[in-house]
Amino acid sequence: MGNETILYYVFEETVTGRKRIVKPHFWRKIKPLTFVLEEDDLSVITIMIPTLEKGWKRDKLLGVMQEGIEACREYRGYIGNDRTVINNELQQILSYEDDFSPVYWELTNMLFADKFIAPKRMPEVVVLLLGNTVFPEEQMEKFTEMMQPCFPYINRLTVVYGIEDNDTNYGVNNEENYEINPESADESGYAANENRNRIETAIDDLLEMLYYEYGLVGRIWKVDGYKPQPPGIRNGQCPILFLDYGYEGKLPYSMMRNGGTYIDVFSSGEKKRRINNKCSKISYLSPLKYLDTMVKSGYDKLVN
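Residues numbered from 1 in each chain as written. Predicted model: local features only at pLDDT ≥ 70, side-chain atom pairs only at ≥ 80, totals over all residues. Heavy atoms only, no water.

### Comments concerning the nonpolar core
- In this structure, Leu128, Phe143, Met147, Leu157 and Leu243 are the most contacted members of the largest nonpolar core, which totals 52 residues.
- Considering every element that reaches this core, the biggest residue donor is helix H4 (residues 101-117), with eight residues.
- Look past the residues within four positions of leucine 243 in its chain and what remains in contact with it is Val126, Val127, Leu128, Leu129, Phe143, Met146, Met147 and Ile263.
- Ranked by size, the runner-up nonpolar core spans 18 residues in total, among them Val125, Leu251, Tyr262 and Ile275. (Core = buried A, V, L, I, M, F, W, Y, C linked by side-chain atoms within 4.5 Å. Buried < 20%, exposed > 50% of the residue type's maximum accessible area, 1.4 Å probe, protein only. Helix = DSSP H or I, 4+ residues; strand = E, 2+ residues; numbered from the N terminus. Contact = heavy atoms within 4.5 Å.)

Now the structure itself:
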């Protein structure tokens, strides 16, 4: 990561395991507890938000988060190439959405190295789920960089892209309140085709490289509206590694089995909930979950 700093906002209870309820007073500012964790070339300054007696409102929470920045003055030696990450629970209160992909890419590399490379548990079956959060070329580049040591061991790769109507709102009929503008329809249709062509070109380039360099024949599952999972997509009894790069369609529950791992690169709270509810037999991982674990471990070492 290269001497990088993350400012991580998270509820105090998530880190400490204890709920500290704070009652606000107009004469006293709420000052979040902070600490710094160093991991290789990465420094994480954790800003822990306490629980408010009557719950947090957006404006009040933003003010306390700013107080957290002020409380970090003693860590200014770390600040420079810093990035901000906000825990999912705080994001919900703030109605906040941002692109944390630069941090998520690097944290994904770290968790993948810990879970697969270091213990030499190279995956044999991989399902790559492509999304629209970042350009397809960047997804392929990050996938190739992270998976490079694993390619000689992979014997089955499936690339999934597109959007399914099922599990999303794309199949909802809104004809009563929807008027079609022919010009905008043509433009949006052209943009969609361009985007799809771009994705398909990126996939073709990846699979061509894998075939010529490693003899790996990849398969493509193009999703266009809801279609049942093709019989040929099933991957025997081997544990499957799912790499989700912001996929927007129905999650492939029928492919999930004991021992599998699902890495959700963009740390979607909704996907975490669905997988834990429907497929507890597989391991759900994400950069945000990895960061939480790292921070909890650092806090425990600090207080013990």
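### Things to note about the confidence of the model for the chain
- Chain-level pLDDT for the chain is 79 on average; 77% of the residues reach the 70-or-more range.
- Of all secondary-structure elements in the chain, the lowest mean pLDDT belongs to helix H6 (residues 182-214), at 75, while strand E11 (residues 261-264) reaches the highest, 94. (pLDDT = per-residue confidence, 0-100.)

### A look at helix H8 (residues 287-303)
- Under the 1.5 Å per step criterion, the end-to-end length of H8 is 24 Å for 17 residues, consistent within 8% with the ideal 24 Å.
- For H8, the full list of buried residues reads Pro287, Leu288, Tyr290, Leu291, Asp292, Met294, Val295, Gly298 and Tyr299. (Expected span 1.5 Å × (residues − 1).)

### With respect to unusual backbone geometry
- In this model, lysine 120 sits at a positive phi of 60 degrees, which is unusual for a non-glycine residue.
- Structurally, lysine 120 is set in the loop between H4 and strand E7 (125-130).
- On the accessibility criterion, lysine 120 (70% relative accessible area) is exposed.
- Non-glycine residue serine 267 carries a positive phi angle of around 50 degrees.
- Turning to its location among the elements, serine 267 is positioned in the loop between E11 and helix H7 (269-278).
- Take serine 267: its relative accessible area is 4%, and that puts it in the buried class.

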